[in-house]
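What follows is each chain in one-letter form.
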Amino acid sequence: QVQLVESGGGLVQAGGSLRLSCAASGSIVRIKTMGWYQQVPGKERELVAFITSDGSTNYADSVKGRFTISRDNAKRTVYLQMNSLKPEDTARYYCFANVETISTTYGRNYWGQGTQVAVSS
């Protein structure tokens, strides 16, 4: 019903930049909150950043000042601009969106398949 597709991951050197994109499609009435989580093998999935429908943002302390989240409502897309990348940023990054559909008006969480980010020293 709702699909999220990420892109933009890759391998970069420390200090470099990447921009992740996540496009939502399906029977969407409204996208409330969109954001990104990161996960490494054997670890819990952790919140990186999110942005609400009114543009309010929130960042994990570890990425504050380096990453910027934004959204394009016309394209139903959320972006994560990742600057000054560090080796500890290496993870699989998952897009999420809280979406109102025809079936539910309170909003449900949907997840993308993830995109891999690797930062070398």
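Residues numbered from 1 in each chain as written. Predicted model: local features only at pLDDT ≥ 70, side-chain atom pairs only at ≥ 80, totals over all residues. Heavy atoms only, no water.

1. Some remarks on the side chain of Asn98
In this structure, Asn98 sits in strand E9 (residues 91-101). Since its relative accessible area comes to 14%, Asn98 is described here as buried. Setting aside anything within four residues of it in sequence, one finds Asn98 in contact with Arg30, Ile31, Lys32, Thr33, Tyr106, Gly107, Arg108 and Asn109. (Helix = DSSP H or I, 4+ residues; strand = E, 2+ residues; numbered from the N terminus. Buried < 20%, exposed > 50% of the residue type's maximum accessible area, 1.4 Å probe, protein only. Contact = heavy atoms within 4.5 Å.)

2. Topic: the packing of aromatic side chains
The tally for this structure, following the rule as stated, stands at three aromatic pairs. Taken together, a centroid distance of 5.1 Å and an interplanar angle of 65 degrees make the contact between Tyr37 and Trp111 edge-to-face. Taken as a pair, Tyr37 in strand E4 (residues 28-39) and Trp111 in strand E10 (residues 108-111) lie far apart in primary sequence, 74 residues in all. Ring centres of Phe96 and Trp111 lie 5.8 Å apart, and the angle between their planes is 45 degrees; on these two criteria the pair is classed as tilted. Here Phe96, found in strand E9, pairs with Trp111, found in strand E10; they are 15 residues apart in sequence, far enough to count as distant. Here Phe96 falls in the buried class, since its relative accessible area comes to 9%. Overall, Trp111 belongs to the partly exposed group, its relative accessible area being 40%. Here the aromatic cluster, defined as three or more aromatic residues joined through ring pairs, consists of Tyr37, Phe96 and Trp111. The positively charged end of Arg45 is found above the aromatic ring belonging to Tyr94, 3.7 Å away from the centroid. In this structure, Arg45 packs its charged tip against the face of Trp111, placed 4.8 Å from the ring centre. (Phe/Tyr/Trp six-rings, centres within 6.5 Å; stacked < 30°, edge-to-face > 60°. Lys NZ or Arg CZ within 6 Å of the ring centre and 35° of its normal.)

3. Focus: the environment of Arg30
Checked against the element boundaries, Arg30 lands in strand E4. Relative accessible area serves as the criterion here: at 37%, Arg30 is assigned to the partly exposed category. Considering only alpha carbons, one finds Arg30 and Thr105, 75 residues apart in sequence, at a separation of 8.9 Å.

4. Digging into the pattern of salt bridges
Tallied over the entire structure, the rule returns three salt bridges. As a salt-bridge pair, Asp61 and Lys64 come within 3.5 Å of each other at their nearest N and O atoms. Owing to a relative accessible area of 52%, Lys64 belongs among the exposed residues under this scheme. Note that Arg66 and Asp89 form a salt bridge whose closest N and O atoms lie 2.8 Å from each other. Note that Arg66 is positioned in the loop between strand E6 (57-59) and strand E7 (67-72) and Asp89 in the loop between strand E8 (77-82) and E9, a separation of 23 residues in sequence. (Salt bridge = Lys/Arg side-chain N within 4 Å of Asp/Glu carboxyl O.)

5. Quick look at the pairing of E4
Sheet analysis places E4 next to E9, joined by 10 bridges and oriented antiparallel. Within the sheet, the bridge partner assigned to Thr33 lies in E9 and is Asn98. Note that E4 and strand E5 (residues 46-51) share five bridges and pair antiparallel. By the bridge assignment, Trp36 is partnered in E5 with Ala49. Where E4 hands over to E5, the hairpin turn is made up of six residues, of which Gly42 adopts a positive phi near 80 degrees. (Pairing = 2+ DSSP bridges.)

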